[in-house]
Amino acid sequence: MRRFDHSRIPSEPLFVLGATSQFVGQALAVTLFDELRPGGTALLRVLGAALMIVALRRSWRRRWTAAELRWASVFGVVLAAMNLAIYYSVELVPLGNAVAIEFMGPVAVAALGTRTVRSGAALALAAAGVAVLAGVETDGTLRGVGFALVAGAFWAGYIVLGHRVARGAAWVDGLGVGMLVGALAISPFGIPHIPTAIRAPSLLGLALLVGLASNVIPYGLDQWVMRRIDQRRFALLQALAPVTAAIVGFVGLSQVPTGREYVGIGLVVVAIVLSRAASGPTQQPANPKGPP
């Protein structure tokens with residue numbers, strides 16, 4: 001039987017699948033804020049996801065080099081800090097505003113990698129489309145905006161460091177172990193709320209489900225995609241997130257997009273098409289034989 005070539009799967013559907021899972025996780029996470037606050041929710045999200053990946057991959061069985069552990073740890077701390085910062089932002093400002101501000105991180109990464117006029121046009125269209133979809137307004141507190149900016153900086157770091165981990169030998173194992181370190185780094189913000197989750201198993205179970213939907217699935221898929229495309233194009237792919245949100249809202253919640261939202265979706269779609277044309281054929285995975 002002929003073996004299925006997973007490298008032929010386009011990167012965009014993989015990202016949309018991960019983004020859809022992440023939006024489900026985001027909706028679940030908001031319901032935990034009253035009891036666990038953003039700090040407790042973020043800690044359980046990151047820690048739960050880390051334990052799932054490490055257990056599934058049996059990451060303790062592989063031989064780790066000092067460099068692999070170092071890069072995985074830095075990556076995990078940045079990832080956990082990104083999760084924590086966006087939760088604090090969403091608590092203070094509308095989600096659309098927070099996402100629009102946070103998207104400045106991927107925009108910066110894409111801008112640094114821009115080398116051609118076509119790439120620059122794709123970047124401009126993606127940024128414009130996200131701004132239109134998010135509907136950036138002036139309401140919200142200064143603290144909320146600040147947290148979103150911090151989350152955006154960590155998002156940029158996630159893209160750069162994520163590529164380093166994804167293309168190394170550790171790969172997904174690096175994601176799991178890195179999140180263990182990241183959970184330790186943000187634990188001061190969440191530990192005070194952990195007893196509440198322990199006393200209510202339903203809260204703990206929901207928090208672990210958030211970790212699965214928000215971290216294990218989307219970040220695992222990200223690792224796959226990062227092995228195939230460069231940082232600039234991956235950063236531009238992040239513009240598909242608000243488009244995915246609009247589609248999920250239409251299908252699942254009967255939220256019909258407005259004319260403005262159709263314009264935003266159109267701009268992002270054109271940007272992705274230009275990005276593919278500027279990048280040429282999809283790069284081959286770092287490990288052509290497939291996932292280890």
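As the structure is a prediction and not an experimental result, all values here were calculated from the model.

Definitions and limits used
Residues numbered from 1 in each chain as written. Predicted model: local features only at pLDDT ≥ 70, side-chain atom pairs only at ≥ 80, totals over all residues. Heavy atoms only, no water. Helix = DSSP H or I, 4+ residues; strand = E, 2+ residues; numbered from the N terminus. Buried < 20%, exposed > 50% of the residue type's maximum accessible area, 1.4 Å probe, protein only. pLDDT = per-residue confidence, 0-100. Contact = heavy atoms within 4.5 Å. Axes fitted to C-alpha atoms, helices over the stretch in contact; angles between N-to-C directions. Parallel < 35°, antiparallel > 145°, perpendicular 65-115°, else oblique. Left-handed = near helix turned anticlockwise from the far one by under 90°. Nonpolar A, V, L, I, M, F, W, Y, C, P; charged D, E, K, R; others polar. Expected span 1.5 Å × (residues − 1). Bend = angle between axes of the 7 residues up to and from the residue. Salt bridge = Lys/Arg side-chain N within 4 Å of Asp/Glu carboxyl O.

1. Section: unusual backbone geometry
- A positive phi angle is found at Arg37, which is not glycine, with a value near 60°.
- Among the structural elements, Arg37 can be located in helix α2 (residues 33-57).
- Arg37 gets classed as partly exposed once you look at its relative accessible area, which sits at 33%.
- Although it is not a glycine, Arg58 adopts a positive phi angle of roughly 55°.
- By the secondary structure assignment, Arg58 is in the loop between α2 and α3 (66-90).

2. Some remarks on the confidence of the model for the protein chain
- Confidence in the prediction for the protein chain averages 80 pLDDT; 77% of positions are at 70 or higher.
- Between the elements of the protein chain, mean pLDDT differs from a low of 62, seen in helix α12 (residues 240-253), to a high of 96, seen in helix α8 (residues 172-190).
- Across residues 1-5 the pLDDT falls below 50, and counting only partners more than four positions away or on other chains, this stretch makes 2 contacts in the model.
- Contacts of residues 281-292 to residues separated by more than four positions or lying in other chains number 26 contacts, the stretch itself having pLDDT below 50.

3. A short note on the packing of α3 against α8
- Their axes nearest at 6 Å, the elements α3 and α8 cross at an angle of 50°. As far as their axial angle goes, α8 and α3 are oblique. α8 is crossed by α3, and the crossing has right-handed handedness. From α3, Leu69, Ala72, Ser73, Phe75, Gly76, Val77, Leu79, Ala80, Ala81, Leu84 and Tyr88 reach across to α8, where they touch Gly174, Leu175, Val177, Gly178, Met179, Val181, Gly182, Ala183, Ala185, Ile186 and Phe189.
- The class makeup of the residues in the contact of α3 with α8 is 17 nonpolar, 5 polar and no charged.

4. Side note on helix α10 (residues 201-226)
- The end-to-end C-alpha distance of α10 is 36 Å, a good match for the 38 Å that 26 residues give at a rise of 1.5 Å each.
- The principal kink in α10, of about 30°, is found at Leu212.

5. Notes on the pattern of salt bridges
- Throughout the structure, instances matching the rule amount to 4 salt bridges.
- Salt-bridge contacts for Arg37 lead to Glu91; the nearest nitrogen and oxygen are separated by 2.2 Å. With Arg37 in helix α2 and Glu91 in the loop between α3 and α4 (95-102), this residue pair connects regions lying 54 residues apart in the sequence.
- The salt bridge involving Arg62 is made with Asp173; its shortest N-O contact spans 3.7 Å. Highlighted residues: Arg62 in the loop between α2 and α3 and Asp173 in helix α8, separated in sequence by 111 residues.
- Here Arg62 falls in the partly exposed class, since its relative accessible area comes to 22%.

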